[in-house]
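Notes for the structure review
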Amino acid sequence: MDSPVYLDYNATTPVAPEVADAITPYLREHFGNASSAHVYGRRAAEAVARARERIAALIGARSDEIVFTGCATEANGLALCGVARALAVRKRHLVISAVEHPAVHEPAMQLRERGWEVSVVPVDGTGRVDPDTVAAATRDDTALVSIMHANNEIGTIQPIEEIGRRVRGRGILLHTDAAQTPGKIPVSVDTLGVDLLTVAGHKFYATKGVGALYVRRGTPIAPASFGAGQERGLRPGTENVPAIVGLGAAARLASERVATAGPRMQALRDRLQARLAADVPDLRLNGHPVYRLPNTLNVSFPGVSGEALLEAVRADVAASVGSACHAGSHEPSGVLAAIGADLPRALGAVRMSVGAYTTDADIDRAAHALLAAWEALRRVAERSAA
Ligand SMILES: Cc1ncc(COP(=O)(O)O)c(C=O)c1O
């Protein structure tokens, strides 16, 4: 029996074979500590420097603007808490959106507990913020605006460039959580006009447990953890050399392939969407029809729960639901609530995300399984209602 079709690339990607090959020597012979002065250390330090150049090249940055971190969560925490620590004397206000990942929302709430004010800007029915609303939420004492580049659940891409034009130049820093975008769409810190940008290795074929924060030269930021001073003191602790090498290799692949990978994923995603929409009347798209990650399809199936649907197709499809079930009570995901989805729509949501190794045959198998399971579940629901 074949493994189920993996349609959860937004949760994590497999490690690319090229990345695994790049890492292996750093797990075996080149095991040195990058801070050591001898040849073992120098080899490790050189590999870290190369990886830094590659991740910088991916996002159009300079290599001295890259801080390696343990994950995107840590990079987001450093961006919010580090800027807050650096600017606390003059500033006390942050702006985030209503659809941020917990890795941005939670540090913002921590800062609120420490006396910062946090404005949470709403999104429209497609999950997009209005740049004018973001600008209107800023004040003289706003330190930072943090709006994600693209949403992990519904794929909506935010108008970061327009937000940048409205808030920068007024002494307000702009951070974007770009955990979901490298390798899917082009990412350029100058085009976006951001001061800080978060990257997550395991969302574009590197390993888990590695990320990076881009910090534009001159951006005021203080450490959020303390130790021996690695990563310019912003992320002290011995560098995870194999994971950083893997991040560099993945960055190079993403730079080389994004122009073809994006349209390829979009064709697969659109094929899946068309197959499902053809047979499911009232299938509802969650997310923006156009400003959306090319690999992401979040749809609500009418009359069934996404959880029951995925359980029914578990032998054929690995995807995720757009709603979480807390302690037996069905609660819609915060993102679906933010776009105004009612409870049945939120509970019927399924997120499917394709990637580099998805094929047409995978899409056809997944669509077939989902459609058959939806029909069967709907018939059961109709019978029990009768
Ligand atoms: C938009 C976004 N931000 C942050 C994260 C956190 O990434 P990590 O768990 O690797 O720290 C994720 C991962 O799901 C994400 O999708």
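Because the structure is predicted, anything quoted here is derived from the model rather than measured.

Before going further, it helps to examine the pattern of salt bridges. Applying the stated criterion across every chain, the model contains 21 salt bridges. Here Glu18 makes a salt bridge to Arg257, at a shortest N to O gap of 3.0 Å. Note that Glu18 is positioned in helix α1 (residues 17-27) and Arg257 in helix α8 (residues 241-279), a separation of 239 residues in sequence. Using a relative accessible area of 38% as the deciding quantity, one classes Arg257 as partly exposed. Arg52 is the partner of Glu231 in a salt bridge, and the nearest nitrogen-oxygen pair spans 2.8 Å. Of the two residues, Glu231 is situated in the loop between β8 (211-215) and α8 and Arg52 in helix α2 (residues 39-59); the sequence distance between them amounts to 179 residues. Of the two residues, Glu231 and Arg52, neither departs from the other in class, the shared state being buried. Several salt bridges share partner residues, and in doing so they unite Arg271, Arg275, Asp360 and Asp364 into one network.

Assignment of secondary structure puts Thr296 in strand β10 (residues 296-300). On the basis of relative accessibility, which here comes to 0%, the residue Thr296 falls in the buried class. For Thr296, the side chain forms a polar contact with the side chain of Asn10, separated by 3.0 Å.

This part covers the domain arrangement of the protein chain. Domain boundaries assigned for the protein chain yield domain 1 (5-12 + 258-385) and domain 2 (17-254). Spacing between the C-alpha centres of domain 1 and domain 2 amounts to 29 Å. Summed over both sides, the interface of domain 1 with domain 2 buries roughly 2300 Å², with 58% coming from carbon and sulfur. When the buried area of domain 1 at its contact with domain 2 is split by residue, Val258, Leu293 and Val335 rank highest and sum to 27% of it. Our count for the domain 1 to domain 2 interface comes out at zero salt bridges. When contributions to the side of domain 1 that touches domain 2 are tallied by element, the ones reaching two or more residues are α8, β10 and α10 (334-338). When residues of the side of domain 1 that touches domain 2 are assigned to their parent elements, the largest contribution, four residues, is made by α8. Grouping the constituent residues of the side of domain 1 that touches domain 2 by class yields 15 nonpolar, 12 polar and two charged.

When you tally the buried positions in strand β5 (residues 142-146), you get five out of five residues, the bulk of the element. In terms of strand pairing, strand β3 (residues 93-97) meets β5 through four bridges, oriented parallel. Paired with His93 across the two strands is Thr142, which belongs to β5. Chirality of the crossover, the property in question, places the unit of β5, helix α6 (residues 160-167) and strand β6 (residues 173-177) among those that are right-handed.

Time to look at the sheet that holds strand β2 (residues 66-69). Reading across the sheet, the seven strands line up as β2-β8-β7-β6-β5-β3-β4 and stay open at both edges, with mixed pairing between neighbours. In this open sheet, the two edge strands, each paired with only one partner strand, are β2 and β4 (117-121). The average undirected angle you get between the axes of adjacent strands in this sheet is 20°. As paired elements, β5 and β6 share three bridges and run parallel to each other. Residue pairing across strands places Ser146 opposite His175, the latter belonging to β6. Where α2 meets the sheet, its contacts fall on β2, β7 (196-200) and β8, and the angle it forms with β2 comes to roughly 115°. Here helix α4 (residues 102-113) sits on the sheet and contacts β3, β4, β5 and β6; the angle it forms with β3, its principal contact strand, is near 155°.

In the vicinity of the ligand, the contacting residues are Cys71, Ala72, Thr73, Asn76, His101, Met148, Asn152, Asp177, Ala179, Gln180, His202 and Lys203. Within the side chain of Lys203, an N or O atom sits 2.7 Å from an oxygen atom of the ligand. Per-element accounting of the shell around the ligand gives the leading share, three residues, to helix α3 (residues 72-87). Partitioned by chemical class, the residues of the shell around the ligand number four nonpolar, six polar and two charged.

The subject of this paragraph is the packing of aromatic side chains. Applying the stated criterion across every chain, the model contains four aromatic pairs. Seen from their ring centres, Tyr9 and Tyr205 are 6.2 Å apart, and the 55° between their planes marks the pair as tilted. Here the residue Tyr9 occupies a position in the loop between β1 (5-6) and α1, and Tyr205 occupies one in the loop between β7 and β8, the gap between them amounting to 196 residues. For Tyr9, a relative accessible area of 4% puts it in the buried group. Looking at Tyr205, the relative accessible area reads 16%, which means it is buried. Ring pairing ties together the aromatic residues Tyr6, Tyr9, Tyr205 and Tyr357, which thus form one cluster.

About the criteria used
- Every chain is numbered on its own, with residues counted from 1 as its sequence reads.
- Note on the predicted model: pLDDT of at least 70 is required for a residue's local features to be given, and 80 or more for side-chain atom pairs to be given and counted; whole-chain, interface and lining totals, by contrast, use all residues.
- In computing side-chain values, all of the structure's heavy atoms are included and hydrogens and water are not.
- Note on definitions: salt bridges are taken to be side-chain nitrogens of Lys or Arg within 4 Å of carboxyl oxygens of Asp or Glu.
- The way it works is that DSSP assigns letters per residue, a run of H or I at least four long becomes a helix, a run of E at least two long becomes a strand, and they are numbered from the N terminus.
- Exposure is judged per residue with a 1.4 Å probe applied to protein chains only, and the accessible area is read against the type maximum: over 50% gives exposed, under 20% gives buried, and values in between give partly exposed.
- Polar contacts here mean pairs of N or O atoms no more than 3.5 Å apart (in protein, one a potential hydrogen donor and the other a potential acceptor; neighbouring residues in sequence count only if both atoms are side-chain atoms).
- An automatic or database domain assignment supplies the start and end points of every domain.
- Put simply, buried area is how much 1.4 Å-probe accessible surface two parts lose in total, over both of them, once they are put together.
- Residues are sorted three ways: Asp, Glu, Lys and Arg are charged, Ala, Val, Leu, Ile, Met, Phe, Trp, Tyr, Cys and Pro are nonpolar, and all the rest, Gly among them, are polar.
- Any two strands with at least two DSSP bridges between them are considered paired.
- Crossovers are described as right-handed under a simple rule: with the strands pointing away from the observer, the path leading from the first strand over the helix to the second runs clockwise.
- Only C-alpha atoms enter the line fits that serve as axes; for helices the fit covers just the stretch in contact. Angles between N-to-C directions range over 0 to 180 degrees.
- By the convention used here, residues are in contact when the closest approach between their heavy atoms is within 4.5 Å.
- Proximity is defined per residue: any heavy atom of the residue falling within 4 Å of a molecule or strand makes that residue near it.
- Each pair of aromatic rings taken from Phe, Tyr and Trp, with Trp reduced to its six-membered ring, is defined by centres within 6.5 Å and is described as stacked if the planes are under 30 degrees apart, edge-to-face if over 60, and tilted in the remaining cases.

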